[in-house]
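Okay, here's what each chain looks like letter by letter:
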Amino acid sequence: MREIFEAELKQVGDDLAEMSRLVESAVNRAGQALLTADLQLAQSVIGDDRTIDALERELDERCVLLLAQQQPVATDLRVVVSALRMSATLERMGDLARHIAQVARGRYPAHAVVPTLHRTFEQMHDAAVRVARRTTTLLTTRDLTVAANVQRDDDLLDSLHQDTFTALLDGTWTGTPQETVDVTLVGRYYERFGDHGVSIAKRVTYLVTGDFADDRGAPAGPARATA
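What counts as what
- Residues numbered from 1 in each chain as written.
- Predicted model: local features only at pLDDT ≥ 70, side-chain atom pairs only at ≥ 80, totals over all residues.
- Heavy atoms only, no water.
- Helix = DSSP H or I, 4+ residues; strand = E, 2+ residues; numbered from the N terminus.
- Buried < 20%, exposed > 50% of the residue type's maximum accessible area, 1.4 Å probe, protein only.
- Contact = heavy atoms within 4.5 Å.
- Areas by Shrake-Rupley, 256 points an atom, 1.4 Å probe, with all protein chains shown as cover.
- Lys, Arg positive; Asp, Glu negative; His and termini not counted.
- Charge placed at Lys NZ, Arg CZ, Asp CG, Glu CD.
- UniProt positions renumbered as here; feature names shortened; annotations may be inferred.
- Expected span 1.5 Å × (residues − 1).
- Core = buried A, V, L, I, M, F, W, Y, C linked by side-chain atoms within 4.5 Å.
- Axes fitted to C-alpha atoms, helices over the stretch in contact; angles between N-to-C directions.
- Parallel < 35°, antiparallel > 145°, perpendicular 65-115°, else oblique.
- Left-handed = near helix turned anticlockwise from the far one by under 90°.
- Salt bridge = Lys/Arg side-chain N within 4 Å of Asp/Glu carboxyl O.

Engineer: Explain the overall build of the chain here, please?
Structural biologist: Helix and strand counts for the chain stand at six helices and zero strands. Here the C-alpha coordinates of the chain stretch approximately 65 × 35 × 20 Å along the principal axes. Buried residues in the chain amount to 48% of all 227 residues. For the chain, contacts bridging at least 24 residues in sequence account for 82% of all contacts bridging at least 6. Surface summary for the chain: the accessible area is close to 11,000 Å², and the carbon and sulfur share equals 51%. For the chain, the distance from the average position of its 25 positive side-chain charges to the average position of its 34 negative side-chain charges is 2 Å.

The following block contains the structure:
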């Protein structure tokens, strides 16, 4: 019986990692579509979001069955409950990638990002992709050094998000109302994407240490789970 339960737990972990890989691909393609006005790429992100949603439903059903049939306690219960929460977070990250792609699609054939902020959004794209990539690594290794790096990327996204507000409010902004809305929305999508990455980093830290990370994210310094 224990062997079956452990196999089911492993499948839950594999499903989370697969969701994270799909999110990583989605946010990478969404950012490219935004920066290059690539309609086909934007459409692919929007369509593929259904796959992430379906995987979340399957994973949640698996977790609910584990709770009902195995009635796990202590560490096992912590793993199952954390998986439920992380799957919801990954699904939201996929939604944010879809939102970015929808902005790119809505402005096609024009670019949604004005030239003066192109570099800022390039940096936001790069940071978000790193968050997604490191989230996948974190879910497969539980390496708390990676968790700390997710926090640093989120700090950069917060700073870049603030830069977009500065550009809009410094008195030299000449963008159209639509461009103003696009900058505001996409900046917010990237900022929230980083926040969700930190949420997963904190949840993994909890699984490894049994303690919740503080508001600054996962503890600094190298650490790796043995379990």
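Engineer: Teacher, can you tell me more about the UniProt feature "domain: PhoU" (unreviewed entry) in the chain here?
Structural biologist: Annotation from UniProt places "domain: PhoU" (unreviewed entry) at residues 16–103 and 122–204. Taken end to end, residues 16–103 has its terminal C-alpha atoms 27 Å apart, with 94% of it in helix and 0% in strand.

Engineer: Mind showing me how you'd approach helix α1 (residues 2–36) here?
Structural biologist: Each α-helix turn comprises 3.6 residues. Residues three or four places apart therefore point the same way. Its 35 residues give α1 an end-to-end C-alpha distance of 51 Å, which sits within 8% of 51 Å, the value for a rise of 1.5 Å per residue. Just downstream of α1, Ala37 is the residue with a positive phi angle, here 55°.

Engineer: So what exactly am I meant to see when it comes to the side chain of Glu191 here?
Structural biologist: With respect to the helices and strands, Glu191 occurs in helix α6 (residues 177–209). If sequence neighbours within four positions are ignored, Glu191 has contacts with Met124, Asp154, Asp158 and His161.

Engineer: I keep staring at the environment of Cys63 and nothing clicks. Help me out?
Structural biologist: Within the secondary structure layout, Cys63 lies in helix α2 (residues 39–70). Residue classification places Cys63 among the buried positions, given a relative accessible area of 0%. Through-space distance from the C-alpha of Cys63 to that of Gly31 is 32 Å; in sequence the pair is 32 residues apart. Once residues lying within four places of it in the same chain are set aside, the contact partners of Cys63 are Val12, Val80, Ala83 and Leu84.

Engineer: Just to check I follow, could you spell out the nonpolar core for this structure?
Structural biologist: Val27, Leu34, Leu90, Phe121, Tyr190 and Phe193 are the most contacted members of the largest nonpolar core, which totals 63 residues. Of all the secondary structure elements, the ones that give two or more residues to this core are α1, α2, α3 (74–107), α4 (118–141), α5 (144–169) and α6. Contacts of Phe193, omitting those with residues within four sequence positions, involve Val23, Val27, Met93, Leu96, Ala128, Val131 and Ala132.

Engineer: Help me understand the environment of Asp211, please; the structure alone is not making it clear to me.
Structural biologist: Locating Asp211 in the fold gives a position in the segment after α6. Linking Asp211 and Asn28, residues 183 residues apart in sequence, is a C-alpha distance of 32 Å. Once residues within four sequence positions are removed from consideration, Asp211 is found in contact with Thr205 and Tyr206.

Engineer: Explanation requested: the packing of α1 against α2 in the structure shown.
Structural biologist: When two helices pack together, their arrangement is given by the angle between their axes and by how far apart the axes lie. Running from amino to carboxyl end, α1 crosses α2 at an angle of 160°, the nearest separation of the two axes being 9 Å. In this view, α1 runs roughly antiparallel relative to α2, as classed from their interaxial angle. For the element pair α1 and α2, the recorded crossing hand is left-handed.

Engineer: What is the right way to look at the environment of Gly94 in this model?
Structural biologist: With respect to the helices and strands, Gly94 occurs in helix α3. Separated by 83 residues in sequence, Gly94 and Pro177 place their C-alpha atoms 27 Å apart. Apart from residues lying up to four places away in sequence, Gly94 is in contact with Val23, Asp49 and Ile52.

Engineer: For this particular structure, what's the right way to read the pattern of salt bridges?
Structural biologist: As enumerated under the stated definition, the model contains 14 salt bridges in all. With its nearest N and O atoms 3.4 Å apart, the salt bridge here joins Arg62 to Asp15. A residue pair is termed long-range when its members are at least 10 positions apart, and Arg62 in helix α2 and Asp15 in helix α1 qualify at 47 residues. Classification of Asp15 as buried rests on a relative accessible area of 9%.

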